[in-house]
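Coordinate inspection notes
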Amino acid sequence: TRELGIRNMPLADAAMEIKLNATTAHLWLEETLRSIEDREKIKEVWKLFDKSLWYANAILEGGQNEKGIFYAVNDHAIEKKILAIKDDLVEIRKMAQVRVENNVTDKKLDDRTLDDKFDALLANFNKTADEVEEMLRITIARKTQDTEDSAKQATLILVIANLLSFILATFS
């Protein structure tokens, strides 16, 4: 139970933070691209993408911030998905930078193609992030069930041991 609370719950929180920060960055990016007055907000967009990457690294390697301590995940399948998320985040950020430069300099590279590629990257990122959240939820549920099963077995063993002690004491 201690491991469940200390090691696994923060990983689930980190997975949610990855998606939350990236989604917020995306929304702010779109707002910034539409509004000339909001150009300063782009700095916050980059910080949010960096925060998403930080949480991905915390899941892989462990880390600590104001929200808590994160222990490295011990599941190869989740590690593989997080590495894919990191790759997606790096690509999303690069493409976001191209979109900002295109918007600021009025180069007007093929905006539709750029937007379509960006949207496809985001869709893939979101799908993988959802899969990680589900995998962590299943892991936590499984470990919770294992803990409950162990507690039931320990109780049963204690009852049997007490019963045997009583029988032995009675017939001795």
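This section reports on the structure supplied with the text. Here the residue index of a chain counts from 1 through its sequence in written order. In keeping with the model being predicted, local features are shown solely for residues with a pLDDT of at least 70 and side-chain atom pairs are shown and tallied solely at 80 or more, while totals for entire chains, interfaces and linings include all residues. Neither water nor hydrogens contribute to the side-chain values; these are computed over all heavy atoms in the structure.

Looking now at the overall build of the chain. Think of it this way: any DSSP run of H or I at least four residues long counts as a helix, any run of E at least two long counts as a strand, and we number them from the N terminus. Counting its secondary structure elements, the chain contains 4 helices and 2 strands. Starting at the N terminus and ending at the C terminus, the chain contains elements arranged as α-α-β-β-α-α. The classification of residues rests on relative accessible area computed with a 1.4 Å probe and restricted to protein chains. Under 20% of the type maximum is buried, over 50% is exposed, and intermediate values are partly exposed. Residues counted as buried form 34% of the 172 residues belonging to the chain. Within the chain, contacts between residues at least 6 apart in sequence are counted, and of these 67% link residues at least 24 apart. When the accessible surface of the chain is totalled, it reaches about 10,700 Å², and 59% of it is carbon and sulfur. Working rule for contacts: check all heavy atoms of both residues, and any pair within 4.5 Å makes them a contact. Exposure was quantified through the Shrake-Rupley algorithm and a 1.4 Å probe, taking into account, for residues, occlusion by the shown protein chains and nothing else.

Aromatic pairs are defined between Phe, Tyr and Trp rings, using the six-membered ring for Trp, whenever the two ring centres lie within 6.5 Å; interplanar angles under 30 degrees are classed as stacked, those over 60 as edge-to-face, and all others as tilted. This model, assessed by the stated rule, comprises 4 aromatic pairs. Centroid distance Y55 to F70: 5.7 Å. Interplanar angle 90°. Geometry classified as edge-to-face. A residue pair is termed long-range when its members are at least 10 positions apart, and Y55 in helix α2 (residues 41-61) and F70 in strand β2 (residues 68-70) qualify at 15 residues. No difference in accessibility class separates Y55 from F70, as the two residues are buried. Aromatic ring contacts, followed pair by pair, group W54, Y55 and F70 into a single cluster. In this analysis the charged atom, NZ for Lys or CZ for Arg, is taken to sit over a ring once it is within 6 Å of the ring centre and within 35 degrees of the ring normal. The ring of W28 carries the charged tip of K41 above its face, separated from the ring centre by 4.9 Å.

The subject of this paragraph is α2. Its 21 residues give α2 an end-to-end C-alpha distance of 30 Å, which sits within 8% of 30 Å, the value for a rise of 1.5 Å per residue. For α2, the complete set of buried residues consists of I42, V45, W46, L48, F49, S52, L53, Y55, A56, A58, I59 and L60. G62 sits one or two residues past α2 and shows a positive phi near 90°. What a helix is expected to span follows from its residue count: subtract one and scale by 1.5 Å.

Next up on the list: the nonpolar core. Buried residues of nine kinds, namely Ala, Val, Leu, Ile, Met, Phe, Trp, Tyr and Cys, make up a nonpolar core once their side-chain atoms join them within 4.5 Å. Core analysis: the biggest nonpolar cluster contains 36 residues, and I18, L29, F49, I59, I82, I85 and L89 have the highest contact counts within it. Of all the elements in the fold, those that place two or more residues in this core are α1 (2-34), α2, α3 (76-105) and α4 (111-171). For this core, the leading source of residues is α2, giving 11 residues. The residues touching L89, leaving out its near neighbours within four places in the chain, are I18, A22, F49, S52, L53 and F125.

Exposure above 30% relative accessible area and the lack of any salt bridge qualify a residue for a patch; like charges then connect within 9 Å, and the nonpolar side chains Val, Leu, Ile, Met, Phe, Trp and Tyr within 5 Å. Salt bridges are counted wherever a side-chain nitrogen of Lys or Arg sits within 4 Å of a carboxyl oxygen of Asp or Glu. On the surface, a cluster of nonpolar side chains totalling about 770 Å² of accessible area is made up of L156, I160, L163, L164, F166, I167 and F171. In this fold, L164 is placed in helix α4. Relative accessible area serves as the criterion here: at 49%, L164 is assigned to the partly exposed category.

Right, let's get into the pattern of salt bridges. Inspection of every chain in the model, using the stated rule, returns 11 salt bridges. Note that E44 is salt-bridged to K47, the shortest N-O span being 3.5 Å. Of the two residues, E44 and K47 are both situated in helix α2; the distance of 3 residues between them amounts to about one turn of the helix. With a relative accessible area of 34%, E44 lands in the partly exposed category. Residues E131 and K127 are paired through a salt bridge, measuring 3.0 Å at the closest nitrogen-oxygen approach. Of this pair, E131 and K127 both sit in helix α4, 4 residues apart, which is roughly one turn of that helix. Linked by salt bridges that have partners in common, E30, R99 and D115 make up one network.

The quantities given are spatial measurements derived from coordinates; they are silent on function.
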